[in-house]
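Chain and residue survey
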Amino acid sequence: MKKDKLAIQIEQYFHTWYEGLHRYAFTILKDNDDAKDAVQAVFLKLWEKRDTIDEDQSVKSYLYTAVYNYCLNIKRHDKIKARYVSENSGIASDPGNELQGKEANRRIMEQIAALSPQCRLVFTKSRFEGKKYTEIAAEMGLSVKTVETQMGKALKILREKLLDLLISLIIFFLL
Amino acid sequence: MKSPGHIQVDDELLAKYLSGEASPEEAMAVDDWADASGSNRAVFDQAARLWAQTSNGNTWQLPDKLAVLAAIRKTQKPVKIASVNLRRWSVAAAVLLLLAAAGFYQLLHKTAAPAVLQWVTRQADNAELRDTLPDGSLITLSNPAAIRYVAGFDGNTRTVYLTGNGHFDVTSDPGKPFIVDAGDITIKVLGTAFDVRQDSSVITVAVASGAVSMYRDSSNLTVKAGETGIYDRRLQQFRMAVTDSIAQPGGKSFNFTNASLKSIAAELEKAYGIKVVFKNKRLETCTMSSTFDNKSVEFIFEVISITLNVQYRIEKDTVYISGSGCN
């Protein structure tokens, strides 16, 4: 039956792209449950439109675009922002090993402080003050492109300086 | 439409993606790139880890995929009506159910499966209860308070019956007004955030954003963001109050906008019972903007020190701030 074939096909899409879509939604909404709701809603919509599916690549594009639009729409309601600020985890430290967490934080803060002034300021405003690129650009009198460049620079330097730390944290996280 | 192959994935794009600034095409390019090789995936994970470690919010966690899949599969079948706990509202609810059933008979006539009006009761038992309503609106109830509403918000309005105090964050839906029925008065909103407080003499509605209308019979009062409307139960009249800020529910929260370090220190001293000593008086005039909600003293000073390039040292209840100057 065509219906079963479509159901199987959509489940295939789910297994292939769910993680990427959820992570994408999370980067926009900054909340795991909201991201979960967003991706679920988008897949339900896909199911409703299942008769119009033609090829895999356009479905992938559709899913990412739909998630993006859905998330932006949610953000416009502003309540997400309020919850993001109120959900507390401090500077994230992995549970179970407080000492490692504190040392890791110290090293990360140290490297952030060592960034060049403009780079550090942009990175700080983004990560610690939760500001969007356009907000940072307006505040600092920079172009959005410059903000993008500075953020990339910060990531590159921090990744290099903290490589051993980030790798060990990943292993620790997986345990 | 750009094909993902034309997008260069570098640290700049990774940072953009992790910051939630990527377009759908860019997000697809990042995912394709990460899937392309083990070393790409490793770089992605390192970057993600760095973001997780410098976050002052949630860290990403993949939900239970099978549970989500099951939920999606379920929608491909007819919906099962969940049973509801009526508790002390059982008498009123039963009466309302009968009235509602009669009123909804026309609608039921058309649907394939018969639907019964379900009432949901939420009651604050401990200090505070947060709930998400069927339309995505958020409410926070402080003990003792309770709300009652129709599951799924069926009907032309989204009506919530409130006893006690509640804070509402209402999603916008112009076609379906959100109504809070507080007994003596009703409050009608379109999309907004506001606080309802009541005692034996007054009901007050403080609006944080958007606007609401308070109604009783033929009289009403429109309350806009930053204003507080008051209903006087004895005089049976509406009036406006003067207000400058809405109290945040729960804990120590701060919202600094271009605040001097001196004023920030004063607020922290008051809130946490600490003492802040400036080793260099010039640092008092440094300014910064940030929001902190239920954060520790250490965390707040970490952020201050990074933002302003100052150093701090905490000894017992005193924080010493030093440095040669700031940005």
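Residues numbered from 1 in each chain as written. Chains lettered and ligands numbered in written order. Predicted model: local features only at pLDDT ≥ 70, side-chain atom pairs only at ≥ 80, totals over all residues. Heavy atoms only, no water.

Before going further, it helps to spend a moment on the overall build of chain B. When helices and strands are counted, chain B shows eight helices and 17 strands. Within chain B, the proportion of its 327 residues that are buried is 45%. Taken as a whole, chain B presents about 16,900 Å² of accessible surface, with 52% of it coming from carbon and sulfur. (Helix = DSSP H or I, 4+ residues; strand = E, 2+ residues; numbered from the N terminus. Buried < 20%, exposed > 50% of the residue type's maximum accessible area, 1.4 Å probe, protein only. Areas by Shrake-Rupley, 256 points an atom, 1.4 Å probe, with all protein chains shown as cover.)

Turning our attention to the interface of chain A and chain B. At the interface, 71 residues of chain A touch 66 residues of chain B. A per-residue breakdown of the area chain A buries against chain B is headed by Arg23, Arg127 and Phe128 of chain A, which together make up 10% of the total. Here chain A and chain B share five salt bridges between them. For Lys145 of chain A, the salt bridge identified is with Glu12 of chain B, shortest N-O distance 2.7 Å. Linking chain A with chain B are 20 residue pairs in polar contact (both at pLDDT 80 or more). (Contact = heavy atoms within 4.5 Å. Buried area = accessible area lost by both parts, 1.4 Å probe. Salt bridge = Lys/Arg side-chain N within 4 Å of Asp/Glu carboxyl O. Polar contact = N/O pair within 3.5 Å; in protein donor to acceptor, adjacent residues only side chain to side chain.)

Residues spaced three or four apart along an α-helix face the same direction, because each turn holds 3.6 residues. All names here are of chain B. Along its 12 residues, helix H7 (residues 261-272) runs 16 Å from first to last C-alpha, staying within 8% of the 16 Å computed at 1.5 Å per residue. Along H7, the positions that sit buried rather than exposed are Leu261, Ile264, Ala265 and Leu268. Take H7 and look down its axis: the buried residues cluster within an arc of 100°, on one side only. A positive phi of about 70° marks Gly273, the residue just after H7. (Expected span 1.5 Å × (residues − 1). Arc of directions from axis to C-beta.)

What follows concerns the confidence of the model for chain B. All names here are of chain B. On average, residues of chain B score 79 in pLDDT, and 80% of them are at 70 or above. Per-residue pLDDT, averaged within each element of chain B, yields its smallest value for helix H6 (residues 105-110) (52) and its largest for helix H1 (residues 11-18) (97). Below a pLDDT of 50 lies the segment residues 110-115, which in the model reaches one contact outside its immediate sequence neighbourhood of four places, other chains included. (pLDDT = per-residue confidence, 0-100.)

All names here are of chain B. In this structure, Arg122 sits in strand S1 (residues 119-123). Classification of Arg122 by relative accessible area gives partly exposed; the value is 29%. Other than its neighbours up to four places away in sequence, Arg122 contacts Leu129, Asp131, Leu141, Ala145, Ala146, Ile147 and Tyr149. At a separation of 2.9 Å, a polar atom in the side chain of Arg122 contacts the side chain of Asp131.

For the coordinates displayed, the defined rule picks out 16 aromatic pairs over all chains. Summarising the aromatic geometry, the rings of Phe14 of chain A and Tyr18 of chain A are spaced 4.7 Å apart at their centres and angled 35° between planes, so their arrangement reads as tilted. Of this pair, Phe14 of chain A and Tyr18 of chain A are both found in helix H1 (residues 2-29), four residues apart, which corresponds to roughly one turn of the helix. Geometrically, the ring pair formed by Phe153 of chain B and Phe178 of chain B is edge-to-face, given 6.0 Å between the ring centres and 85° between the ring planes. Of the two residues, Phe153 of chain B is situated in the loop between strand S3 (138-150) and strand S4 (158-170) and Phe178 of chain B in strand S5 (residues 178-181); the sequence distance between them amounts to 25 residues. Each of the two residues, Phe153 of chain B as well as Phe178 of chain B, counts as buried. A network of ring pairs unites the aromatic residues Tyr24, Tyr64 and Tyr68 of chain A together with Tyr17 and Phe44 of chain B as a single cluster. Over the face of the ring belonging to Trp47 of chain A we find Arg50 of chain A, whose NZ or CZ atom lies 4.0 Å from the ring centre. (Phe/Tyr/Trp six-rings, centres within 6.5 Å; stacked < 30°, edge-to-face > 60°. Lys NZ or Arg CZ within 6 Å of the ring centre and 35° of its normal.)

The subject of this paragraph is the nonpolar core. Here is a general trend for soluble globular proteins: nonpolar side chains tend to be buried in one another's company. Grouped together as the largest cluster of nonpolar side chains are 94 residues, with contacts concentrated most on Phe43 of chain A together with Phe301, Ile304 and Ile321 of chain B. Setting aside chain neighbours within four positions, we find Phe43 of chain A in contact with Ile10, Tyr13, Phe14, Leu21 and Leu63 of chain A together with Ile72 of chain B. Core analysis: the next-biggest nonpolar cluster, separate from the first, contains 31 residues, Val180, Ile203, Val212 and Tyr231 of chain B among them. (Core = buried A, V, L, I, M, F, W, Y, C linked by side-chain atoms within 4.5 Å.)

The subject of this paragraph is the pairing of strand S17 (residues 318-322) of chain B. Regular strands place their side chains on alternate faces of the sheet. Residues and elements named next belong to chain B. Across four bridges, the pairing between strand S14 (residues 275-278) and S17 is parallel. Counted as the bridge partner of Val276 is Val319 from S17. In terms of strand pairing, strand S16 (residues 311-315) meets S17 through five bridges, oriented antiparallel. In the sheet register, Tyr312 faces S17, and the bridge partner there is Ile321. Two successive antiparallel strands, S16 and S17, enclose a turn made up of two residues, where Lys316 displays a positive phi of approximately 55°. (Pairing = 2+ DSSP bridges.)

Residue and element names in this part refer to chain B. Here the phi dihedral of Gln236 falls at roughly 55°; this positive angle occurs in a residue that is not glycine. Of note, Gln236 is situated in the loop between strand S11 (228-232) and strand S12 (237-241). For Gln236, a relative accessible area of 48% puts it in the partly exposed group. Despite not being glycine, Lys316 has its phi angle at roughly 55°, a positive value.

Below, the discussion takes up the pattern of salt bridges. Applying the stated rule across the entire model yields 22 salt bridges over all chains. Glu129 of chain A serves as the salt-bridge partner of Lys131 of chain A, at 2.7 Å between the closest nitrogen and oxygen. You'll find Lys131 of chain A and Glu129 of chain A in the same group, each marked buried. Measuring nitrogen to oxygen at the nearest pair gives 3.4 Å for the salt bridge that ties Glu148 of chain A to Lys16 of chain B.

What follows deals with the environment of Ser324 of chain B. Residues and elements named next belong to chain B. Here Ser324 lies in the segment after S17. For Ser324, a relative accessible area of 64% gives the class exposed. The sequence separation of Ser324 and Gln311 amounts to 13 residues, and the corresponding C-alpha distance is 9.4 Å. Leaving out residues up to four positions away in the same chain, Ser324 has contacts with Asn280 and Arg282.

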